[in-house]
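So the chains spell out like this:
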Amino acid sequence: MSWPLHLDLFGAESAPAVVLLHPIATRAEAWRLQIPVLARRFRVIVPDLPGHGRSAALPPGAALHDYAAAVLLALEPLGLREFSLAGLSFGGMVAQAMALAAPSCIRRLVLAHCGAVTPAPVRAVWQQRVADAQAGGMAQQVRPTLERWFTPDFLARAPATTDWIGRMVADTSVTGYTTAVHAICGLDHIASLGRLEMPTLVIAGQQDMAVNPAVSQALAACIQHAEFRLMADAAHMSHVEQAATFTETVDAFLQP
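Residues numbered from 1 in each chain as written. Predicted model: local features only at pLDDT ≥ 70, side-chain atom pairs only at ≥ 80, totals over all residues. Heavy atoms only, no water.

**Details of the sheet that holds strand 6 (residues 200-205)**
Turning to step 1, where the next piece is worked out: On the basis of which strands lie adjacent, the open sheet formed by seven strands has the order 1-3-2-4-5-6-7 and mixed pairing. Only two strands of the sheet have a single partner each, and these edge strands are strand 1 (7-10) and strand 7 (227-231). Averaged over all neighbouring strand pairs, the angle between strand axes comes to 15°, with direction disregarded.
Turning to step 2, where the next piece is worked out: Pairing geometry for strand 2 (residues 17-21) and strand 4 (residues 83-88), over four bridges, is parallel. Residue pairing for strand 4: L21 is matched across the bridge by G87. (Pairing = 2+ DSSP bridges. Helix = DSSP H or I, 4+ residues; strand = E, 2+ residues; numbered from the N terminus. Axes fitted to C-alpha atoms, helices over the stretch in contact; angles between N-to-C directions.)

**Quick notes on the environment of G91**
Turning to step 1, where the next piece is worked out: Among the secondary structure elements, G91 is positioned in helix 3 (residues 90-101).
Turning to step 2, where the next piece is worked out: When the C-alpha atoms of G91 and L21 are compared, they prove to be 4.5 Å apart, with 70 residues separating the residues in sequence.
Turning to step 3, where the next piece is worked out: Contact partners of G91, with chain neighbours within four places excluded, come to L21, H22, P23 and L49. (Contact = heavy atoms within 4.5 Å.)

**Considerations on the pairing of strand 5 (residues 106-112)**
Turning to step 1, where the next piece is worked out: The buried fraction of strand 5 amounts to six of the seven residues, a majority that puts the element mostly inside the structure.
Turning to step 2, where the next piece is worked out: Between the parallel elements strand 4 and strand 5, the chain passes through helix 3 in a crossover that is right-handed.
Turning to step 3, where the next piece is worked out: When strand 5 meets strand 6, the two strands line up parallel, connected through four bridges. When the sheet's bridge partners are listed, L109 is paired in strand 6 with T200. (Buried < 20%, exposed > 50% of the residue type's maximum accessible area, 1.4 Å probe, protein only. Right-handed = clockwise from strand over helix to strand, strands pointing away.)

**Observations regarding the pattern of salt bridges**
Turning to step 1, where the next piece is worked out: Taken as a whole, this structure holds eight salt bridges when the rule is applied.
Turning to step 2, where the next piece is worked out: Here D8 and R54 are joined by a salt bridge, their closest N and O atoms 3.2 Å apart. Placement of D8 in strand 1 and of R54 in the loop between strand 3 (43-47) and helix 2 (64-75) is noted, with a sequence separation of 46 residues between them.
Turning to step 3, where the next piece is worked out: Under the relative-accessibility criterion, D8 is labelled buried at 14%.
Turning to step 4, where the next piece is worked out: Across the salt bridge formed by D48 and R54, the nearest N and O atoms sit 3.0 Å from each other.
Turning to step 5, where the next piece is worked out: On the basis of relative accessible area, D48 is assigned to the buried category, the value being 0%. (Salt bridge = Lys/Arg side-chain N within 4 Å of Asp/Glu carboxyl O.)

**A look at helix 5 (residues 142-149)**
Turning to step 1, where the next piece is worked out: Within the sequence span of helix 5, burial applies to V142, T145, L146, R148 and W149. Down the axis, helix 5 shows its buried residues gathered within 160° of arc, on one side only.
Turning to step 2, where the next piece is worked out: Looking at the buried positions of helix 5, the neighbouring elements they touch are helix 4 (120-136), helix 6 (152-157), helix 7 (159-171) and helix 10 (238-241). (Arc of directions from axis to C-beta.)

**Here's the deal with helix 7**
Turning to step 1, where the next piece is worked out: Its 13 residues give helix 7 an end-to-end C-alpha distance of 18 Å, which sits within 8% of 18 Å, the value for a rise of 1.5 Å per residue.
Turning to step 2, where the next piece is worked out: Here helix 7 has its buried residues at T162, I165, G166, M168 and V169. Seen from one end, helix 7 has its buried residues packed into an arc of 150°, which puts them on one side. The exposed set on the far side of helix 7, more than 90 degrees from its buried face, consists of P159, A160, R167 and D171. (Expected span 1.5 Å × (residues − 1).)

Rendered as structure tokens:
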């Protein structure tokens, strides 16, 4: 499939490349707290995933491998021989699919706040969220989403920051959201991840209500020699709630 994706590029063209994949119902902008630091050492490439931000949606029924193919196609004009890849939540699921589709291209892999499979009870929860979004629009999804993604303490003391994330949720099209949820419901990489050999870091949040840390730890166990890092006092969006710790951890892991 050929689908136009918007890419934001930062840092020196000659630097080692890293691709950052954002969560569902956000866009490339969600990585703004990491980009200035990572761009000192890396060429940072941040796409709007299909159906998010300025990127066209994939057809209904698209799977994670279709999202992966769309990102890989968008990267082709850059002529990269290899790149590191970091994905968070839905972005981490797409990153898994990319690593499985093109393992020789991925130098290092970071998977944050995601699992290797979506079990039936979680699929049912996602399907209810889709029904709610279709009935009431994405604006109605903002508050419950933020309450899943951040600790109560952070919501109370960082209203401007969480409003920034919430506005991205509200701006996401229902079509883009619904198609991404369908892909999430099809996630099942358990039998395949053992093939991956690139250095991999799996990050979880100690207070993550969206993806239990045990789910991410099980993901790490599927991948050869994967490192597991538990972020204390963080929920689902540790790259925002514990931005400095998250950024330093990823920057150190990605060093050539």
